[in-house]
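Coordinates in review
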Amino acid sequence: MELNAGFRILLYALLVITSTVGVAFVVFSWLLYRFNGKYGHLPCPRPTSFFFGHLSHINAVSKKMDMQTLTLMHQWMRDLGPVYCIRFILQPMVICSNPPTVKKVCLDSRHLKPRALYDFFYSVFGQRFLGLGLVSQVNHEKWHTRRALLNPAFNRKYLKQMMDLFDESATRLRDHLIPLADDKTLVRMLEHFNNVALDVIGKVGFDMDINAVENSDCPFPSAVALALQGINVAFQNPLTLVDPRSKARQYRRSVRDAVKLVRNIGQDCIEKRREAKKKGEELPKDILTCILQAEDDVGQKIEMAELLDEFVTFFLAGHETTSNLLAFTLLEIGRHKDVAKRLKDEVDEVLGSKSIIEYSDLSKLEYMSRVFKETMRLNPPVSGLSRVLASDVQSCGYVIPKGTTIMFMTYVTSRLEEFFDDPLLFNPDRFIPTDETPRHFFAYYPFAIGQRNCIGQQIALIESKVILAKLLQSFDFRLEQSQRHIILREVTNKPIDGCKNYISLRD
Ligand code: HEM
């Protein structure tokens, strides 16, 4: 009798589980059917997993270093054409490489940044991080008001007055590298570029002497590095957010502490400056002073929490992107001896042995400008842009439905023959200006496009020129043989292996 009762319970349990799974399967299949009805007209790459869509394939590929996600996107584009759709479980994403569509969508402020993606930056492991700073604010009106207030601090004319600060940081890096310039010591240049970029943002933005170049282990640079790593980890493996194991909990705590430290240092800096301003003291010429001045001009105070969001945003958006650009450039110079020679000749001609680089020197480094452009064409520090469509959009004969997340990838379009002759060839001279509108208009956008373009691009370009010119005045670089030319895709794109070089002093 008892056996029968137990057997019956087991049978019921089995029945409940089977029917739950069955119902879930039917619901999922129905949702997938609706999904296919909405997106079935768009080309879609194979293979897909019934449940995960393209997610499992992308994950598998991203683990293989010789076939990364970016390469896969490029290959799909070649196989399927300029518009195709991929699926993450039931979340569609349309990838588009059609310049008129890039123009139509990115210049229309109704199409917003996707909230789900930028929530990753709002906080990390529960600790407010970039918050509602310029990068992660998706509300257009709020973003627009803030951007208008911050724009003057990033314009070329204002930055021009800070040339000595850019030059000082570059000089410190050069001096720091001199003892390593024995042609034998292996130097991971990406680390040094990360440090100098942090110093530049600290100084130009907030009159802070971080001095990461000489002291990268001190609390602030270490905390920024850990916080960034935390975002990468959360982004690439969202399960870390809920992993109950003690090691994972400990890691999350250490990232939260790092973020708190960065924000506390920011708060201290901002409070001191507000106090100094109140007392009528002379203020340093930096971005923070310009922001506080703009607050007065428009009669609108930014809350401390939001000012801190901008503080963190500038450090995060501004330092890795620029250091990756410098590292990729050094990698390309190492692979192309003719480019290295022309660059050095230009630096010698424009600067000679001049010890301080002036603003007026920068526009004369024309070939260097083209080298940076070409480097970002093949190795963009940020792979692309995404928007959620506020209305149906026509592209290449397809209707992309309202509500779809669409992604435009400068990495992919910059490698297409339609826009660049012999696209895989590193040829800075393709950017020599001509009277004609370039074919690559709206196909090449390393600093984004439209209103939400990069506010810091002038800083990045001034900084990169000053640093590279200063280093080429003093050093020869030789790439270490095992250094691979592979892009590591994290929140930003960086050269894998850290751009390993041997350095020697120039004759
Ligand atoms: C080579 C260096 C850089 C590259 C390639 C780059 C690229 C980009 C790109 C592609 C975006 C759009 C991101 C998106 O759609 O979410 C962006 C936005 C932004 N960047 Fe940069 N960036 C660089 C340097 C900098 C620097 C030095 C700063 C600041 C100090 C900075 C601050 C920002 C900010 C605040 C935004 C958000 C702008 C807005 O939405 O109003 N970036 N950048």
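As the structure is a prediction and not an experimental result, all values here were calculated from the model.

Details of the UniProt feature "transmembrane region" (unreviewed entry) in the chain
The sites that UniProt annotates as "transmembrane region" (unreviewed entry) are residues 9–33. Across residues 9–33 one finds 100% helix and 0% strand; the C-alpha atoms that close the span lie 35 Å apart.

Thoughts on the site of the ligand
If you check the shell around the ligand, you find 27 residues, and the closest are Lys-113, Tyr-118, Trp-143, Arg-147 and Cys-454. Between an oxygen atom of the ligand and a main-chain N or O atom of Leu-134, the distance comes to 3.4 Å. At 3.1 Å from an oxygen atom of the ligand is found a side-chain nitrogen or oxygen belonging to Arg-452. Mapped by element, the contributors of at least two residues to the shell around the ligand are α6 (140–150) and α13 (304–335). Residues belonging to the shell around the ligand are distributed by class as follows: 18 nonpolar, six polar and three charged.

Some remarks on the coordination of the iron atom of the ligand
In this structure the iron atom of the ligand is ligated by exactly one protein donor, Cys-454 (SG), at 2.3 Å. Turning to its location among the elements, Cys-454 is positioned in the loop between α17 (410–413) and α18 (457–474).

What to know about the sheet that holds strand β5 (residues 182–188)
The three strands are arranged β5-β13-β10 in an open sheet whose pairing can be described as antiparallel. With one partner strand each, in any of the chains shown, β5 and β10 (475–479) form the two edges of the open sheet. Looking at each pair of strands side by side, their axes are set apart by 35° on average, direction ignored. Sheet analysis places β10 next to strand β13 (residues 500–505), joined by five bridges and oriented antiparallel. Residue Asp-476 lies in a different strand from β13, and its bridge partner there is Ser-504.

Notes on the nonpolar core
Ranked by size, the top nonpolar core spans 125 residues in total, and within it Met-189, Phe-193 and Phe-315 carry the most contacts. In terms of residues, this core owes the most to one element, α13, which gives 14 residues. Those residues in contact with Phe-315, other than ones at most four positions away along the chain, are Leu-198, Ile-201, Gly-202, Phe-206, Met-208, Ile-210 and Phe-220. By size, the runner-up hydrophobic cluster in this structure holds 19 residues, among which are Val-94, Val-105, Leu-385 and Leu-389.

So, the pairing of strand β9 (residues 405–409)
Here β9 lies mainly inside the structure; five of its five residues are buried. Side chains Thr-405, Met-407 and Met-409 of β9 all project onto a buried face; the interleaved residues Ile-406 and Phe-408 project onto the opposite face, where all are buried too. Relative to β9, strand β2 (residues 91–96) is paired through four bridges, and the arrangement is parallel. Bridged to Cys-96 within β9 is Phe-408.

Topic: the packing of aromatic side chains
One pass over the structure, following the stated rule, counts 22 aromatic pairs. Ring geometry for Phe-431 versus Tyr-444: centroids 5.2 Å apart, planes at 45°, classification tilted. Note that Phe-431 is positioned in the loop between α17 and α18 and Tyr-444 in the loop between α17 and α18, a separation of 13 residues in sequence. Neither residue differs from the other here; Phe-431 and Tyr-444 are each classed as buried. Chaining the aromatic ring pairs together yields one cluster made of Phe-154, Phe-206, Phe-220, Phe-311, Phe-314 and Phe-315. It is Arg-87 that lies over the ring of Phe-35; its NZ or CZ is 6.0 Å from the centre. Looking at Arg-377, its charged tip hangs above the ring of Phe-420, at a distance of 4.9 Å from the centre.

Calculation notes
Residues numbered from 1 in each chain as written. Predicted model: local features only at pLDDT ≥ 70, side-chain atom pairs only at ≥ 80, totals over all residues. Heavy atoms only, no water. UniProt positions renumbered as here; feature names shortened; annotations may be inferred. Helix = DSSP H or I, 4+ residues; strand = E, 2+ residues; numbered from the N terminus. Near = heavy atom within 4 Å. Polar contact = N/O pair within 3.5 Å; in protein donor to acceptor, adjacent residues only side chain to side chain. Nonpolar A, V, L, I, M, F, W, Y, C, P; charged D, E, K, R; others polar. Donors = N, O, S within 2.8 Å, 3.2 Å for Na, K, Ca; no water. Pairing = 2+ DSSP bridges. Axes fitted to C-alpha atoms, helices over the stretch in contact; angles between N-to-C directions. Core = buried A, V, L, I, M, F, W, Y, C linked by side-chain atoms within 4.5 Å. Buried < 20%, exposed > 50% of the residue type's maximum accessible area, 1.4 Å probe, protein only. Contact = heavy atoms within 4.5 Å. Phe/Tyr/Trp six-rings, centres within 6.5 Å; stacked < 30°, edge-to-face > 60°. Lys NZ or Arg CZ within 6 Å of the ring centre and 35° of its normal.

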